[in-house]
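Observations on the model geometry
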Amino acid sequence: MVKHIILWQLKDEYSDTEKADIKAGIKAGLEGLAGQIPGLVEIHVNINGLPSSNADLMLDTTFESAEALKGYSKHPAHVAVADSKVRPYYKSRVCLDYEV
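Residues numbered from 1 in each chain as written. Predicted model: local features only at pLDDT ≥ 70, side-chain atom pairs only at ≥ 80, totals over all residues. Heavy atoms only, no water.

**Comments concerning the side chain of Thr-62**
Note on placement: Thr-62 falls in strand E3 (residues 57-63). Exposure remark for Thr-62: the relative accessible area of 6% places this residue in the buried category. Polar side-chain contacts of Thr-62 include one of 3.0 Å to the side chain of Lys-3. For Thr-62, the contacting residues outside a window of four places in its chain are Met-1, Val-2, Lys-3, Gly-39, Leu-40, Val-41 and Glu-42. (Helix = DSSP H or I, 4+ residues; strand = E, 2+ residues; numbered from the N terminus. Buried < 20%, exposed > 50% of the residue type's maximum accessible area, 1.4 Å probe, protein only. Polar contact = N/O pair within 3.5 Å; in protein donor to acceptor, adjacent residues only side chain to side chain. Contact = heavy atoms within 4.5 Å.)

Written out as structure tokens, the structure is:
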């Protein structure tokens, strides 16, 4: 099994209300991929960080293998969500992939 964790910071130009809407859209879009991508075991997006956080949201996914993670990164459904709901809105992205 492989974990794929991403932390994003949204662009500073957005108001708190806009950020809440963006985070909800990212959560719905990414979690909507469940059951659509071979090898994707679990997918969760946390949008309710504590004020002490320095990231706005986190993607926590589990894959059957590193090959399944590679397939996810290129899968058309994932690319569509990433291009429409995620990439236009973040200023920084940090990723950690590891075996469990």
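**Regarding helix H3 (residues 76-86)**
If you check which residues of H3 are buried, you get Ala-77, His-78, Val-81, Ala-82 and Val-86. The buried residues of H3 all sit within an arc of 130° when viewed along its axis, so they share a single face. Along its buried surface, H3 packs onto strand E1 (2-10), helix H1 (16-31), helix H2 (66-74) and strand E4 (90-99). (Arc of directions from axis to C-beta.)

**Comments concerning the packing of aromatic side chains**
Scanning all chains against the criterion turns up 2 aromatic pairs. Their ring planes at 55° and their centres at 5.9 Å tell us that Tyr-14 and Tyr-89 sit as a pair that is tilted. Taken together, the residues span a long stretch of sequence, with Tyr-14 in the loop between E1 and H1 and Tyr-89 in the loop between H3 and E4 at a distance of 75 residues. On the accessibility criterion, Tyr-89 (26% relative accessible area) is partly exposed. (Phe/Tyr/Trp six-rings, centres within 6.5 Å; stacked < 30°, edge-to-face > 60°.)

**A short note on the sheet that holds E4**
In space, the 4 strands of this open sheet follow the order E2-E3-E1-E4, with antiparallel pairing throughout. One side of each edge strand has no neighbouring strand; the edge strands of this open sheet are strand E2 (40-46) and E4. Each strand axis lies, on average, 15° off the axis of its neighbour in the sheet, ignoring direction. Looking at chain direction, E1 and E4 are connected through 9 bridges and run antiparallel. Bridged to His-4 within E4 is Asp-97. (Pairing = 2+ DSSP bridges. Axes fitted to C-alpha atoms, helices over the stretch in contact; angles between N-to-C directions.)

**What to know about the environment of Ile-6**
Residue position: Ile-6 is located in strand E1. In this structure Ile-6 comes out as buried when scored by relative accessible area, which is 3%. A C-alpha to C-alpha distance of 8.7 Å links Ile-6 and Asp-97, two positions 91 residues apart in sequence. Setting aside its immediate chain neighbours within four residues, Ile-6 contacts Leu-57, Met-58, Leu-59, Arg-93, Val-94 and Cys-95.

**Let's talk about H2**
Among the residues of H2, those classed as buried are Ala-68, Leu-69 and Tyr-72. What you see down the axis of H2 is that its buried residues fit within an arc of 100°, all on one side. When the buried face of H2 is taken as reference, the exposed residues oriented beyond 90 degrees from it are Glu-67, Lys-70 and Lys-74. Residues of H2 that are buried make contact with E1, H1, E2, E3, H3 and E4.

Just geometry here; none of it tells us what the structure is for.
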